[in-house]
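So you can see what is in the structure, the chains are spelled out below.
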Amino acid sequence: MSYVVVIRVQLEGVSEKFQEVIVQYRSECLRNEPGMEHFLVCRIPDDEQGFLLVEVFTDEEAHRKHAQGKELEDLLKTMEERELKMAAMIMAGEEMSSASPLLN
């Protein structure tokens, strides 16, 4: 079962700068973290400063390594350098197993 993390970000700063930084961060995570399966970066349509990040990991341990990793440390440092701040609401859980697809 995959371990899914959903992060609702409310940005303080220039959203274009954040978009550049977060897209680079996404690429680095997918390239360097074998436990990360997917990483979606979404804009919230009615909120220019709002973003939604969806990260899918092989398991909870892979997420723990990600949360303690160099990529996240570099992201936070880069955000500080570019005068970007964010509030984040994080939710996580294990994917449910089912004999048949829930929505398909």
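### Digging into unusual backbone geometry
Working note: non-glycine residues mostly have negative phi, and peptide bonds are mostly trans.
Right, on to step 1. Of note, the phi angle at E83 is positive, near 60°, even though the residue is not glycine.
Right, on to step 2. Mapped onto the secondary structure, E83 falls in the loop between helix 3 (70-81) and strand 4 (85-94).

### A short note on the pairing of strand 3 (residues 47-57)
Right, on to step 1. Counted residue by residue, strand 3 has nine buried out of eleven residues, so it is predominantly covered.
Right, on to step 2. Summarising the sheet, strand 1 (residues 3-12) and strand 3 pair through eight bridges and their orientation is antiparallel. Opposite V9, over in strand 3, you have F51 as the bridge partner.
Right, on to step 3. Sheet topology note: the strand 2 (residues 36-44)/strand 3 ladder contains eight bridges and is antiparallel.

### Here we look at the pattern of salt bridges
Any two side chains of opposite charge can pair if their charged atoms end up close together.
Right, on to step 1. Tallied over the full model, the rule gives four salt bridges.
Right, on to step 2. Among the ionic pairs, R82 bridges to E20, the shortest N-O distance being 3.7 Å. Of this pair, R82 sits in the loop between helix 3 and strand 4 while E20 sits in helix 1 (residues 15-32), and the two are 62 residues apart along the sequence.
Right, on to step 3. Relative accessible area serves as the criterion here: at 35%, R82 is assigned to the partly exposed category.

### Comments concerning the sheet that holds strand 3
Right, on to step 1. Taken in spatial order, the four strands line up as 2-3-1-4 in an open sheet, and their pairing is antiparallel. Each edge of the open sheet carries a strand with a single partner, namely strand 2 and strand 4. Adjacent strand axes in the sheet meet at a mean angle of 15° when their direction is disregarded.
Right, on to step 2. Bridging between strand 1 and strand 4 involves ten bridges; their strand directions are antiparallel. Each residue of the ladder has a partner; that of Y3, found in strand 4, is E94.
Right, on to step 3. Seen against the sheet, helix 1 touches strand 1, strand 2, strand 3 and strand 4 and runs at an angle of roughly 170° to strand 2.

### Section: a negative patch on the surface
Right, on to step 1. On the surface, a cluster of negative charge is contributed by E37, D59, E60, E94 and E95.
Right, on to step 2. Topologically, D59 is positioned in the loop between strand 3 and helix 2 (60-67).
Right, on to step 3. Taking the relative accessible area as the measure of exposure, D59 reaches 36% and is therefore partly exposed.

Procedures and definitions
Numbering of residues begins from 1 in every chain and follows the order in which that chain's sequence is written. In view of the model being predicted, local features appear only for residues whose pLDDT reaches at least 70, and side-chain atom pairs are presented and counted only at 80 or more, with totals across whole chains, interfaces and linings using the full set of residues. Each side-chain value is worked out from all heavy atoms of the structure, with water and hydrogens disregarded. Under the DSSP-based scheme used, a helix requires at least four consecutive residues in state H or I and a strand at least two consecutive residues in state E, with every element numbered from the N terminus. Under the scheme applied here, a residue whose accessible area is under 20% of the maximum for its type counts as buried, over 50% as exposed, and between as partly exposed, the area being computed with a 1.4 Å probe on protein chains only. In this scheme, strands are said to pair when DSSP sees at least two bridges between them. The term salt bridge refers to a pairing of a side-chain nitrogen on Lys or Arg with a carboxyl oxygen on Asp or Glu at a separation within 4 Å. To get an axis, fit a line to the C-alpha atoms, keeping to the stretch in contact for a helix; angles then go from 0 to 180 degrees between the N-to-C directions. Note on contacts: a residue pair is in contact if any heavy atoms of the two residues lie within 4.5 Å. What makes a patch is a set of residues exposed beyond 30% relative accessible area and free of salt bridges, joined within 9 Å when like-charged and within 5 Å when nonpolar (Val, Leu, Ile, Met, Phe, Trp, Tyr). Accessible surface is estimated by sampling points in the Shrake-Rupley manner with a 1.4 Å probe; for residues, cover comes only from the protein chains shown. Only four residue types enter the charge count, namely Lys and Arg as positive and Asp and Glu as negative; His and the chain termini do not. Charge coordinates come from a single atom per side chain, which is NZ of Lys, CZ of Arg, CG of Asp or CD of Glu.

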